[in-house]
Amino acid sequence: MTNIAQARIKREFKEVVKSDEVAACNITLELVDDKYNELIGKIAGPPDTPYAEGTFCLEIRIPETYPFNPPIVKFLTKIWHPNISSVTGAICLDILKDQWAAAMTLRTVLLSLQALLAAAEPDDPQDAVVAQQYKENYSIFEKTAKHWTAVYAGGPKSCPELDSKITSLKNMGFDENQARAALSSKGWDIERATEYLIN
Amino acid sequence: MKVKIKSNWTAVASWRWIANDENCGICRMPFDGCCPDCKLPGDDCPLVWGQCSHCFHIHCIVKWLNSQQVHQLCPMCRQEWKFKE
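Bear in mind the structure is a predicted one, so any value in this text is a computation, not a measurement.

## Here we look at the UniProt feature "domain: RING-type" (unreviewed entry) in chain B
- Mapped onto the present numbering, the UniProt feature "domain: RING-type" (unreviewed entry) falls on residues 35-78 of chain B.
- Helix makes up 23% of residues 35-78 of chain B and strand 14%. Its end C-alpha atoms lie 22 Å apart.

Here you go:
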């Protein structure tokens, strides 16, 4: 890695570790190794959202051209959100693409992602299925997002009815995660989810 | 009165950049130091100002502007970058 990228990440890392947000357990940043080109970020789900009380892990890779190009960030924790792929964790956020500016930092990126959890942009989706559900049936979206937060991000237990639907698909021999994804995509309709899993 | 300096003497002076910030927003190194590609602060690694009043090491801002394909914007405020005369 070039001098500037590594030197900057070292300074940024210290900056985040000492920041108020870390003290308040809102964001954390960990180094994967001593090369300063791979980090793991964690953000707390914002209160009063379906992600509240969950902790979401992010993979952060620093390109050699940093800070002239943005860090490459994706969700490691599975999440149900219009701007994040429920399959790969890929994120659709302008500042991680063409709106990046060299004055932004890992701290501002983590805070922006936290803000994205509180304010989805369903008209600029990364996951079209989630975005459609968000626009057409918000209450199902909310229930699903809460359920995913409980299962994958350590959030509070939400709706036992959804758990029992997953169990019945599991009993039919389907993988739990696949059953969850299928039910989530098909509005928790067991018949349509089964049909989807078979095809 | 006549003063005679007998022994050798060395003049010492200190200087600082007058910037509105402590660190360069691009490399995040102190303005009193130089950008990560230089060894000595001073005239070889000067600061430059944009018309938006934001200030960077010249080497850092030039690298940023060269990395921008369409619009050349200030990395701080996203206004169009123009060097202050």
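## Side note on the interface of chain A and chain B
- If you look at the interface, chain A gives 12 residues, while chain B gives 12 residues.
- Across the side of chain A that touches chain B, the residue classes tally to seven nonpolar, two polar and three charged.

## Some remarks on the UniProt feature "domain: UBC core" (unreviewed entry) in chain A
- Here, UniProt's "domain: UBC core" (unreviewed entry) annotation points to residues 4-154 of chain A.
- Across residues 4-154 of chain A one finds 36% helix and 15% strand; the C-alpha atoms that close the span lie 37 Å apart.

## Observations regarding the pairing of strand 1 (residues 27-31) of chain A
All names here are of chain A.
- Of the pairings in the sheet, the one linking strand 1 to strand 2 (residues 38-44) comprises five bridges and is antiparallel in character. Each residue of the ladder has a partner; that of E30, found in strand 2, is I40.
- The antiparallel hairpin formed by strand 1 and strand 2 contains six residues in its connecting segment, where Y36 sits at a positive phi of about 60 degrees.

## Description of the confidence of the model for chain B
- Taken as a whole, chain B shows an average pLDDT of 89; of its residues, 100% reach a score of 70 or greater.
- Here the prediction assigns the complex a pTM of 0.88, and the interface score ipTM is 0.77.

## Structural notes on the packing of helix 6 (residues 160-171) of chain A against helix 7 (residues 176-185) of chain A
Residue and element names in this part refer to chain A.
- Direction vectors running N to C along helix 6 and helix 7 enclose 125 degrees, while the axes themselves pass 9 Å from each other. In terms of orientation, helix 6 lies oblique with respect to helix 7. As helix 6 runs across helix 7, the sense of the crossing is right-handed. On the side of helix 6, the interface is formed by K165, I166, L169 and K170, while helix 7 contributes E176, A179, R180 and L183.

## With respect to unusual backbone geometry
- The amide bond that connects A:Y66 to the next residue, A:P67, takes the cis arrangement and shows omega of 0 degrees.
- Its place among the elements puts A:P67 in the loop between strand 3 (55-61) and strand 4 (72-75).
- With a phi angle near 60 degrees, A:D48 is a residue other than glycine that sits in the positive phi range.
- Mapping A:D48 onto the fold places it in the loop between strand 2 and strand 3.
- A positive phi angle is found at B:S53, which is not glycine, with a value near 85 degrees.
- Structurally, B:S53 is set in the loop between strand 1 (47-49) and strand 2 (55-57).

## Side note on the domain arrangement of chain A
Residues and elements named next belong to chain A.
- What the domain assignment lists for chain A is domain 1 (3-118) and domain 2 (128-198).
- One C-alpha centre belongs to domain 1, the other to domain 2; they are set 27 Å apart.
- Taken together, the residues of the side of domain 1 that touches domain 2 sort by class into seven nonpolar, six polar and two charged.

## Some points on the nonpolar core
- A:I43, A:L58, A:L113, B:C24, B:I26, B:C27 and B:C60 are the most contacted members of the largest nonpolar core, which totals 52 residues.
- Looking at this core, the element that brings in the most residues is helix 3 (residues 106-118) of chain A, giving six residues.
- Residue contributions to this core reach at least three from each of two domains, namely domain 1 (3-118) and domain 2 (128-198) of chain A.
- Residues in contact with A:I43, not counting those within four places in the same chain, are A:I27, A:F56, A:L58, A:L110, A:L113 and A:Q114.
- Core analysis: the next-biggest nonpolar cluster, separate from the first, contains eight residues, A:L169, A:A179, A:A182 and A:L183 among them.

Conventions and cut-offs
- Residues numbered from 1 in each chain as written.
- Chains lettered and ligands numbered in written order.
- Predicted model: local features only at pLDDT ≥ 70, side-chain atom pairs only at ≥ 80, totals over all residues.
- UniProt positions renumbered as here; feature names shortened; annotations may be inferred.
- Helix = DSSP H or I, 4+ residues; strand = E, 2+ residues; numbered from the N terminus.
- Contact = placed C-beta atoms within 7 Å.
- Nonpolar A, V, L, I, M, F, W, Y, C, P; charged D, E, K, R; others polar.
- Pairing = 2+ DSSP bridges.
- pLDDT = per-residue confidence, 0-100.
- Axes fitted to C-alpha atoms, helices over the stretch in contact; angles between N-to-C directions.
- Parallel < 35°, antiparallel > 145°, perpendicular 65-115°, else oblique.
- Left-handed = near helix turned anticlockwise from the far one by under 90°.
- Domains from an automatic or database assignment.
- Core = buried A, V, L, I, M, F, W, Y, C linked by C-beta atoms within 7 Å.
- Buried ≥ 20, exposed ≤ 12 C-beta atoms within 10 Å, placed from the backbone.

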